[in-house]
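Structure at a glance
Now for the letters of each chain:
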Amino acid sequence: MSPASNIHELKDTFGRIHNYLRISLIEKCNLRCKYCMPADGIPLSPKASLMNAEEILEFARIFVGLGVNKIRLTGGEPLLRKDIYDILEGLSKLPVDLSLTTNGLLIDRHVDNFLKLGVKNINFSLDTLREDRFFDITRRTGFAKTMDNFRLLHDQGFNLKINTVLVKGTNEDELVDLVNLTKDFNVSVRFIEFMPFDGNSWDRSKMVSEKEVLGQLGSYFGTERISSLPNEENFTARKFKIVGYLGDFGIISSVTNPFCGTCNRIRLTANGRIKNCLFSNKETDLLTAMRTGEDVEKLILESILKKKAVRAGMDSMEKLSDPALHSDNRSMIAIGG
Ligand code: SAM
Ligand code: SF4
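Right, let's walk through the structure included here. All of these numbers come straight from a predicted model, not from anything done at the bench. (Residues numbered from 1 in each chain as written. Chains lettered and ligands numbered in written order. Predicted model: local features only at pLDDT ≥ 70, side-chain atom pairs only at ≥ 80, totals over all residues. Heavy atoms only, no water.)

1. Quick look at the overall build of the chain
Our working definition: Here a strand is any run of E in DSSP of at least two residues, a helix any run of H or I of at least four, and the numbering for each starts at the N terminus. Relative accessibility thresholds used throughout: buried, under 20% of the residue-type maximum; exposed, over 50%; partly exposed, between the two (1.4 Å probe, protein chains only). Any pair of residues with heavy atoms lying within 4.5 Å of one another is described as a contacting pair. The protein chains shown are the only cover counted for residues, whose accessible areas, like all others here, come from Shrake-Rupley with a 1.4 Å probe.
Tallying secondary structure elements over the chain gives 12 helices and 12 strands in all. Within the chain, the fraction of its 337 residues that count as buried is 56%. Look at the contacts in the chain between residues 6 or more apart in sequence, and 72% of them connect residues 24 or more apart. For the chain, the accessible area works out to roughly 14600 Å², and carbon and sulfur atoms hold 51% of it.

2. Points about the packing of aromatic side chains
We count it as follows: Side-chain rings of Phe, Tyr and Trp (the six-membered ring for Trp) are treated as a pair once their centres are within 6.5 Å; stacked means planes under 30 degrees apart, edge-to-face means over 60, and tilted covers the remaining angles. In this analysis the charged atom, NZ for Lys or CZ for Arg, is taken to sit over a ring once it is within 6 Å of the ring centre and within 35 degrees of the ring normal.
Taken as a whole and assessed by the stated rule, the structure comprises 8 aromatic pairs. Between Y220 and F221, the ring centres sit 4.9 Å apart and the planes meet at 80°, which makes this aromatic pair edge-to-face. The buried category is assigned to F221, whose relative accessible area is 5%. By the ring-pair criterion, three or more aromatic residues cluster together here, those being F124, F150 and F185. The ring of Y20 carries the charged tip of K70 above its face, separated from the ring centre by 4.3 Å. Across the ring face of F158, the terminal group of K120 is positioned such that the distance to the ring centre comes to 5.1 Å.

3. Regarding the site of ligand 2
How we decide: To be near a molecule or strand, a residue needs just one of its heavy atoms within 4 Å of it. For this classification, Asp, Glu, Lys and Arg are treated as charged, while Ala, Val, Leu, Ile, Met, Phe, Trp, Tyr, Cys and Pro are nonpolar and the rest, including Gly, are polar.
Taken together, 8 residues surround ligand 2, and among them C29, L31, C33, C36 and N103 come closest. Split by residue class, the shell around ligand 2 holds 6 nonpolar, 2 polar and no charged.

4. Overview of the pairing of strand β5 (residues 159-166)
Put simply, the rule reads: Pairing between strands requires that DSSP locate at least two bridges from one strand to the other. With the strands aimed away from the viewer, a crossover counts as right-handed if its path from the first strand over the helix to the second runs clockwise.
Burial analysis of β5 places 6 of its 8 residues in the buried class, the great majority of the element. In the sheet, strand β4 (residues 121-125) pairs with β5 via 5 bridges, with the strands oriented parallel. Within β5, the residue paired with S125 across the bridge is N163. Pairing analysis gives 6 bridges linking β5 to strand β6 (residues 188-193), with the strands arranged parallel. The partner of K161 across the bridge, within β6, is S188. With helix α6 (residues 175-184) bridging β5 and the parallel β6, this β-α-β connection has right-handed handedness.

5. Thoughts on the nonpolar core
Condition: By convention a nonpolar core is built from buried Ala, Val, Leu, Ile, Met, Phe, Trp, Tyr and Cys residues, the set being connected through side-chain atoms within 4.5 Å.
Core analysis: the largest hydrophobic core is formed by 100 residues, its most contacted members being F63 and I71. A total of 8 residues in this core trace back to one element, the largest contributor, which is helix α1 (residues 53-65).

6. Looking at unusual backbone geometry
One non-glycine residue, R139, lies in the positive phi region at around 60°. Positionally, R139 belongs in the loop between α4 (131-138) and α5 (143-155).

7. Overview of the layout of surface pockets
This is how the line gets drawn: Every definition here rests on a 1 Å grid over the protein atoms only: cavities are sets of points where a 1.4 Å probe fits but cannot get out, pockets are open sets enclosed by protein on both sides within 12 Å along at least five of seven lines, and lining residues have some atom within 4 Å of a point. Grid points are joined across faces, edges and corners, and a volume is the space filled by probe spheres set on the points.
Within this model, the second largest pocket holds a volume of roughly 420 Å³. If you go around the second largest pocket, you meet 14 residues; those closest to its centre are I26, K28, K47, L50 and R81. Looking at the lining of the second largest pocket, its residues break down into 6 nonpolar, 2 polar and 6 charged.

The values are spatial; any link to function lies outside them.
What follows is the structure, given as structure tokens:
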């Protein structure tokens, strides 16, 4: 037995306990969101080096043994996986809070299975409420389907969060319309600051900061109508509500105001590599280790112990703005957001 197999929690050197695993199921996507991936897609890993369903379930069991009690499936577009039902079914038998992040295009094909397996928590990515702009941002059609599927999930009582990446000159003029969705829909709309990844042409001036979001909403609704909600444990979004509205909204300010101090997240890429931070360009290949019979738990623990205090060491805007420091960080589609 290795020394690492006695551990039952993944605590880093800053005392943060990692109980939330995000698994990317696939590198492919049916959209080409400009902030996420290049028009021609990204170089894909050979099929043989991607985790199969059994390996995903085996990793999930190992992480659960190490204290993980929350698993989110993401991608690429996770619903493109042909074996998504088998994966969900296997994971639904584990003692975890199971959730999924999706662009929503394929939801109608899967909604009955979600209900059957008890997958109730869905993060739904939606950057615009305008059809022409949807095409501009995603380089694909499918707006009507996306909106139908959003309503379908809502009407079926799913616990729904909307993820909106704000990019200046693209969709920041829809802040009010998106918040107005929360008037009659009990959903949480989360505005995400545009983050830098390899090849996504990030620059600071395209980012809409938390301050600007609150400023714009304050001018429209009046600051007295915006009430601040208490932070959740391990929060990533600072949450607010328009008084009298059914839903709420939040701001995920990983760039201007990071929430690293309470971070409990670990990421597993579709090719089976662990990343201890979304901003890190260091990965450990767990899949090869599993296939060759190495001690996977030990590698997981070593990765957690190397985790830096803030954004993989980019603890200032200057460092974050230096392309040399983040250019080797694979795009969100390869990491799983
Ligand atoms: N395809 C699914 C979707 O879009 O929901 C799941 C994968 S996607 C990579 C996960 C999340 O990452 C989405 O909410 C997306 O908006 C977000 N994302 C992608 N690139 C980003 C970036 N550069 N900055 C901030 N968020 C980003
Ligand atoms: Fe695909 Fe999601 Fe990336 Fe858009 S954000 S390209 S839907 S993975």
